[in-house]
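Structural characterization, general
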Amino acid sequence: MKRLTFLIPTLLALSIVLSCNETYQFSIKIPKKSLFENKITATLIEKNNLLIDSVQFFVNNKRATSSGSSILINSTKLGVGKHTISSLVFYPGKTKKINNSFEIFPAKSPDLYTYKIVNEYPHDESAYTQGLEYYKGFLYESTGKKGLSTLRKVDIKSGKILQKVSIDKQFFGEGMTVFNDKIYLLTWQAKKGFVYDLKTFQKEKEFSYKRSKEGWGFTHNNSELIKSDGSHKIWFLDPNTQQEKRAIQVYYPKGKIGLLNELEWFNGKLLANRWITEKPIKSIIVMINPKNGIVEGLIDLAGLRKKVLETQLLADDMVLNGIAYDHENKRLFVTGKNWGKLFEIELIKK
């Protein structure tokens with residue numbers, strides 16, 4: 001009995017050594033592509049059927065509740081786009097992290113819209129429009145290009161500039177929005193924004209953005225600032241610190257939609273101008289669900305640019321850009337870079 005008792009710990013130690021020397025081969029099995037609203041199952045696989053102690057799952061770097069070696073993912077909580085999944089595996093004497101990714105697509109094609117012109121107003125042809133917003137009876141507009149970038153207050157009916165301040169020549173002005181009687185304005189590639197007093201146009205502070213790529217479009221939803229960065233991502237910022245809190249990815253059934261530019265909050269949805277990517281030049285506004293990034297509508301406004309071309313020559317970069325919505329009176333205004341016209345339009349579903 002003494003000899004047997006002596007051998008037991010020796011055998012256990014040998015067993016542990018042998019198990020640690022066995023080759024563990026891990027992978028995460030998950031569908032590469034899934035439809036929104038579908039449940040997605042991810043499973044940790046050990047190729048040689050060797051035993052593990054436990055596993056922890058992380059989706060987009062956040063710990064997720066799992067059952068054994070599998071996890072059920074609710075796509076509606078993630079939204080569309082590419083997501084990461086990782087497993088932290090504990091096995092005899094070791095731990096290992098395994099990574100994978102998957103992509104979620106909308107199941108439904110977006111609605112298609114055209115428009116009806118309700119009114120036409122004059123617009124300053126020198127304004128390389130980057131941001132446009134309606135606030136208490138006036139339009140507020142930001143314009144771009146280094147050395148020419150400005151912030152303006154404009155009378156809608158006459159197009160007259162009522163107030164104007166130039167932006168430092170080193171910056172290329174981009175989108176702007178009015179929130180809590182302050183004007184928030186982005187610059188393009190400097191990763192810097194400015195806050196102005198609404199009444200005086202005096203610059204009060206600067207802020208930086210670190211997670212988003214660049215500064216393009218800007219709007220708000222009454223509780224958060226909302227920013228595009230030229231990619232397929234839309235960022236939500238804390239209005240007090242102006243720091244990016246989270247982002248959604250913008251997708252339709254064929255994949256992501258990038259080059260999202262000027263933004264506007266419109267009846268609980270996001271409207272985004274899309275920068276030109278092809279010829280003939282297309283003037284498209286994308287209607288986005290801000291909860292999940294799904295493109296719910298495509299608005300074809302190509303006819304407006306053609307109308308401007310009847311009386312004005314436009315270079316290729318003088319495209320549709322500038323959306324403003326009068327929430328109280330339900331009026332939607334659009335214009336373009338260096339366009340001589342501002343249009344009030346009504347959207348019509350095809």
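Just so it is clear, the model here is predicted, and its values are computed rather than measured.

When helices and strands are counted, the protein shows 3 helices and 30 strands. Scaling as 2.2 N^0.38, a compact globule of 350 residues should have a C-alpha radius of gyration of about 20 Å, whereas the protein reaches 27 Å, well beyond that. Considered along the principal axes of its C-alpha atoms, the protein spans approximately 105 × 45 × 35 Å. Sorting the 350 residues of the protein into buried and exposed places 49% on the buried side. Working note: accessible area of the protein is about 17800 Å², and carbon and sulfur atoms make up 52% of it. Charged side chains in the protein number 54 positive and 35 negative. The centres of these two groups are separated by 8 Å.

Time to look at the environment of H83. By the element assignment, H83 lies in strand β7 (residues 81-91). Along the chain, H83 and I104 lie 21 residues apart, while their C-alpha atoms are 8.0 Å from each other. If near-sequence neighbours (up to four positions away) are discounted, H83 is found in contact with N60, L78, N100, S101, F102, I104 and Q249.

What follows covers the nonpolar core. Counting 25 residues, the largest nonpolar core has L44, I71, I73, I85 and F102 as the members making the most contacts within it. Looking at this core, the elements that each hand over two or more residues are β1 (26-29), β3 (39-46), β4 (54-59), β6 (70-74), β7 and β8 (94-105). Broken down by element, the residue count for this core peaks at 4 residues, all from β8. Leave out the neighbours within four places in its chain, and I73 touches I30, N38, K39, I40, A42, V59, L78, I85 and F102.

Centre distance and the angle of the planes are the two values used to describe a pair of aromatic rings. Going through the model one piece at a time under the given rule, you end up with 14 aromatic pairs. Ring plane angle 55 degrees and centroid distance 6.3 Å describe the contact between F207 and Y209, whose orientation is recorded as tilted. Within the aromatic cluster, the residues linked to one another by ring pairs are Y24, F26 and Y91. Note that K227 overlies the ring of Y209, its terminal NZ or CZ placed 4.3 Å from the centroid.

This part is about the sheet that holds strand β13 (residues 161-166). Read from one edge to the other, the open sheet built from 4 strands follows the order β10-β11-β12-β13, with strand pairing classed as antiparallel. Each of the sheet's edge strands pairs with one partner strand only, and the pair in question is β10 (129-135) and β13. Neighbour to neighbour, the strand axes of the sheet diverge by 15 degrees on average, direction disregarded. Here β10 pairs with strand β11 (residues 138-143) via 6 bridges, running antiparallel. Paired with Y135 across the strands is F138, a residue of β11.

With respect to the element layout, I348 can be found in strand β30 (residues 341-349). Once the C-alpha coordinates of I348 and K116 are considered, the two residues, 232 residues apart in sequence, prove to be 7.2 Å apart. Once you skip the residues sitting within four places of it in the chain, I348 turns out to touch L112, Y113, T114, Y115 and K116.

Moving on to helix α3 (residues 302-309). Listed in full, the buried residues belonging to α3 are A302, L304, R305 and V308. The arc enclosing the buried residues of α3, seen along the axis, measures out at 160 degrees, which places them on a common side. At its buried positions, α3 is contacted by β9 (111-122), β27 (295-300), β29 (331-336) and β30.

Turning next to the sheet that holds β1. Sheet strands line up and pair through hydrogen bonds in the backbone, either parallel or antiparallel. Pairing is antiparallel in the open sheet, where 3 strands are placed in the order β1-β3-β6. In the strand order of this sheet, the two ends are held by β1 and β6, each with one partner. Pairs of neighbouring strands in the sheet enclose a mean axial angle of 20 degrees, with direction left out of account. Here β3 runs beside β6; their pairing, made up of 5 bridges, is antiparallel. Bridge assignment links T41 to a residue of β6, and that residue is L72.

On to the pattern of salt bridges. Pairs can form between side chains of opposite charge once their charged atoms are near each other. Summed over the entire model, instances satisfying the criterion amount to 12 salt bridges. In this structure, E296 and K269 form a salt bridge, with 3.0 Å as the shortest nitrogen-oxygen distance. Taken together, the positions of E296 in strand β27 and K269 in strand β25 (residues 269-274) put the pair 27 residues apart, joining distant regions of the chain. For E296, a relative accessible area of 26% translates into the label partly exposed. Each of E120, K307 and K341 takes part in one network of salt bridges that share partners.

Below, the discussion takes up the side chain of N261. With respect to the helices and strands, the residue N261 is situated in strand β24 (residues 260-266). Residue classification places N261 among the buried positions, given a relative accessible area of 4%. In this view, N261 contacts E174, W216, G217, S228, N273, W275, N321 and K337; residues no more than four positions away in its chain are not counted.

Rules behind the numbers
Residues numbered from 1 in each chain as written. Predicted model: local features only at pLDDT ≥ 70, side-chain atom pairs only at ≥ 80, totals over all residues. Heavy atoms only, no water. Helix = DSSP H or I, 4+ residues; strand = E, 2+ residues; numbered from the N terminus. Rg over C-alpha atoms; globule rule 2.2 N^0.38 Å. Buried < 20%, exposed > 50% of the residue type's maximum accessible area, 1.4 Å probe, protein only. Areas by Shrake-Rupley, 256 points an atom, 1.4 Å probe, with all protein chains shown as cover. Lys, Arg positive; Asp, Glu negative; His and termini not counted. Charge placed at Lys NZ, Arg CZ, Asp CG, Glu CD. Contact = heavy atoms within 4.5 Å. Core = buried A, V, L, I, M, F, W, Y, C linked by side-chain atoms within 4.5 Å. Phe/Tyr/Trp six-rings, centres within 6.5 Å; stacked < 30°, edge-to-face > 60°. Lys NZ or Arg CZ within 6 Å of the ring centre and 35° of its normal. Pairing = 2+ DSSP bridges. Axes fitted to C-alpha atoms, helices over the stretch in contact; angles between N-to-C directions. Arc of directions from axis to C-beta. Salt bridge = Lys/Arg side-chain N within 4 Å of Asp/Glu carboxyl O.

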